[in-house]
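# Chains, contacts and geometry: an overview
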Amino acid sequence: MPTRSSRPDHALRLDAAQVIVAVRSLLEAQGVPSGDAELIADSLVAADLWGHQSHGVLRLPWYIDRLRAGSMTARTEPAIVSDTGPLLVMDGRDGIGQVLAERARTEAVRRAHEFGVAAVGVRNSNHFGTAMYFTRRAAAEGCVGILTTNASPAMAPWGGREKAVGTNPWSVAAPFGDRVVVVDVANTAVARGKIHLAKQRGDSIPETWALGRDGNPTSDPAEAVDGVILPMAGHKGYAIAFMMDVLSGALTGSEVGTGVHGPYEPTARSGAGHLFLAIDVSAAGSMAEYTERVGRIVSEVTSVPPAEGHARVLYPGEVEDRHRQAALEAGGLDLPQRTIDALRRIAHEDGVVLPF
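Conventions used here
- Residues numbered from 1 in each chain as written.
- Predicted model: local features only at pLDDT ≥ 70, side-chain atom pairs only at ≥ 80, totals over all residues.
- Heavy atoms only, no water.
- Helix = DSSP H or I, 4+ residues; strand = E, 2+ residues; numbered from the N terminus.
- Rg over C-alpha atoms; globule rule 2.2 N^0.38 Å.
- Contact = heavy atoms within 4.5 Å.
- Areas by Shrake-Rupley, 256 points an atom, 1.4 Å probe, with all protein chains shown as cover.
- Lys, Arg positive; Asp, Glu negative; His and termini not counted.
- Charge placed at Lys NZ, Arg CZ, Asp CG, Glu CD.
- Buried < 20%, exposed > 50% of the residue type's maximum accessible area, 1.4 Å probe, protein only.
- Phe/Tyr/Trp six-rings, centres within 6.5 Å; stacked < 30°, edge-to-face > 60°.
- Expected span 1.5 Å × (residues − 1).
- Arc of directions from axis to C-beta.
- Domains from an automatic or database assignment.
- Buried area = accessible area lost by both parts, 1.4 Å probe.
- Salt bridge = Lys/Arg side-chain N within 4 Å of Asp/Glu carboxyl O.
- Nonpolar A, V, L, I, M, F, W, Y, C, P; charged D, E, K, R; others polar.
- Core = buried A, V, L, I, M, F, W, Y, C linked by side-chain atoms within 4.5 Å.
- Patch = residues over 30% accessible without salt bridge, like charges linked within 9 Å, V, L, I, M, F, W, Y side chains within 5 Å.
- Pairing = 2+ DSSP bridges.
- Axes fitted to C-alpha atoms, helices over the stretch in contact; angles between N-to-C directions.

## Examining the overall build of the protein
Scanning the protein from N- to C-terminus turns up 12 helices and 14 strands. A compact globule built from 356 residues would reach a C-alpha radius of gyration of about 21 Å, and the protein, at 20 Å, matches this within 12%. Projected onto its principal axes, the C-alpha positions of the protein cover 55 × 50 × 50 Å. When contacts within the protein are restricted to residue pairs at least 6 apart in sequence, long-range pairs at least 24 apart make up 66% of them. Here the protein has roughly 15500 Å² of accessible surface; of this, 54% comes from carbon and sulfur atoms. Averaging the locations of the 34 positively and 41 negatively charged side chains of the protein gives two centres separated by 1 Å.

This is the structure we're talking about:
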């Protein structure tokens, strides 16, 4: 049963399974096949459970607007462009990003088990949510997973004042026994979705995140959306984002730079490209010895005395695992009221009955 949240900007804490059912039903009403709808729903709910609401259920209304407009196709039917065995390139033909990313992951892992290493490129795709959803799955199957994607312009190139480079996030995940070590990074000071989340909640943002249209730092998320998001680590963030566009867009034959359009634009073809790399750990050596070495790194970093304001040092990916466990124990997802209202509006329009 839904429960009231203690947060004033939230209305309900919702059971994760109920939200998956709701999201799946809303996608099925748009003509998305059931299996694909289940995957998308699971990926969005997983992001919320990990504490990454910027890439969670709040994105569903944007996806549905794109499906209704026809800029993203409900049935994802990619075509093979090139296949050498360890290298595969697919044309996503404007399919749903999560579905294409999962097919790329599946093929990359299967081929890595055969060849030791494999790469799958995807052109003409769409936004796929949080990258670690897919790299974690590769790690669970004994592979190091590396996933890159490009995105619509959000930051100015270093030294410039107009946005021309996307956040272009990337993720690396590696197995660690029955756990995973993982990083998922946008190359801006913050993922753009977190600014949209702050706007939904009515929160201010740190002035270190973005510049307004006047070129000055802003704490107003609405101004930040219309302005420029700052790169992480200055010129380094810009350079990494640039190279991720080379890997995700130029290499795969997809759009690049200002040719890529985001999920916030309902009628524009996205043109996003992705690259998934998989390395079979057991092909590189003993899995047991590898796991011991990763365990040694984890032990060394987590045994460092914590700095002021920190209870203990965490290894990459541990914070998401802890957040997920805490959320499930508390009863599920704590969603912004505006997200819940948007889901109910879409359900009313399509005659879908939600479980909350």
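## Topic: unusual backbone geometry
At Asp-94, a position not held by glycine, the phi torsion is positive, near 65°. Topologically, Asp-94 is positioned in the loop between strand S4 (87-91) and helix H4 (97-115). In this structure Asp-94 comes out as buried when scored by relative accessible area, which is 15%. Notably, Asn-124 is not glycine yet its phi reads approximately 55°, a positive angle.

## Examining the packing of aromatic side chains
Inspection of every chain in the model, using the stated rule, returns five aromatic pairs. For the pair Phe-176 and Tyr-315, a centre-to-centre distance of 6.1 Å together with 85° between the ring planes defines the contact as edge-to-face. One end of the pair, Phe-176, is in strand S9 (residues 170-176); the other, Tyr-315, is in the loop between helix H10 (287-302) and helix H11 (318-330), with 139 residues separating them in the sequence. Overall, Phe-176 belongs to the buried group, its relative accessible area being 8%. These aromatic residues form a ring-pair network of at least three members: Phe-128, Tyr-133 and Phe-134.

## Points about helix H12 (residues 337-350)
Spanning 14 residues, H12 covers 20 Å between terminal C-alpha atoms, matching the ideal 20 Å at 1.5 Å per step. Taken together, the buried positions of H12 are Thr-339, Ile-340, Ala-342, Leu-343, Ile-346 and Ala-347. The arc that holds the buried residues of H12, viewed along the axis, is 160°, so those residues lie on one side. Looking at H12, the residues exposed on the side facing more than 90 degrees away from the buried face are Arg-338 and His-348. Trailing H12 by a residue or two, Gly-351 shows a phi angle of about 70°, which is positive.

## Comments concerning the domain arrangement of the protein
On domain assignment, one finds that the protein holds domain 1 (11-188 + 231-288 + 331-350) and domain 2 (189-230). Each of domain 1 and domain 2 was reduced to a C-alpha centroid, and the two centroids are 22 Å apart. Contacts between the two partners involve 24 residues from domain 1, matched on the other side by 17 residues from domain 2. Summed over both sides, the interface between domain 1 and domain 2 buries roughly 1600 Å², with carbon and sulfur atoms accounting for 54% of that surface. Inspection of the region where domain 1 meets domain 2 yields zero salt bridges. Listed by contribution, the elements that provide at least two residues to the side of domain 1 that touches domain 2 are strand S7 (153-155) and H12. By residue number, the principal contributor to the side of domain 1 that touches domain 2 is S7, which donates three residues. In the side of domain 1 that touches domain 2, the residues fall into 12 nonpolar, eight polar and four charged.

## Notes on the nonpolar core
A general feature of soluble globular proteins is that nonpolar side chains tend to end up buried together. Leu-26, Leu-27 and Val-57 are the most contacted members of the largest nonpolar core, which has 63 residues in total. Here this core takes eight residues from helix H2 (residues 34-49), the largest share from any one element. Excluding residues that lie within four positions of it along the chain, Leu-27 makes contacts with Val-32, Ala-37, Ile-40, Leu-60, Ile-64 and Leu-67. Of all hydrophobic cores here, the second largest spans nine residues; its members include Val-144, Phe-176, Val-281 and Tyr-315.

## A look at a negative patch on the surface
A cluster of acidic side chains, namely Asp-214, Asp-220, Glu-223 and Asp-226, defines a negative patch on the protein surface. Within the fold, Asp-214 resides in the loop between strand S11 (210-211) and helix H7 (221-226).

## Observations regarding helix H5 (residues 132-140)
Within H5, seven of the nine residues are buried, which leaves the element mostly enclosed by the surrounding structure. Following H5 by one or two positions, Gly-142 has its phi on the positive side, about 85°.

## Focus: the pairing of strand S10 (residues 179-185)
In this structure, S9 lies alongside S10, joined through seven bridges in antiparallel fashion. Directly across from Trp-170, in S10, lies its bridge partner Val-185. In textbook terms, the turn of a hairpin is the stretch between consecutive antiparallel strands, and for S9 and S10 this stretch comprises two residues, one of which, Gly-177, has a positive phi near 65°.

## Structural notes on the sheet that holds strand S3 (residues 79-83)
Pairing within the open sheet is mixed, and its seven strands lie in the order S3-S4-S5-S13-S6-S9-S10. Looking at which strands have only one partner, the edges of the open sheet turn out to be S3 and S10. Ignoring which end each strand starts from, the neighbouring axes of this sheet average 15° apart. The sheet contacts of H4 involve S3, S4, strand S5 (117-125), strand S6 (143-149) and strand S13 (272-280), and relative to S5 the element is tilted by about 160°.

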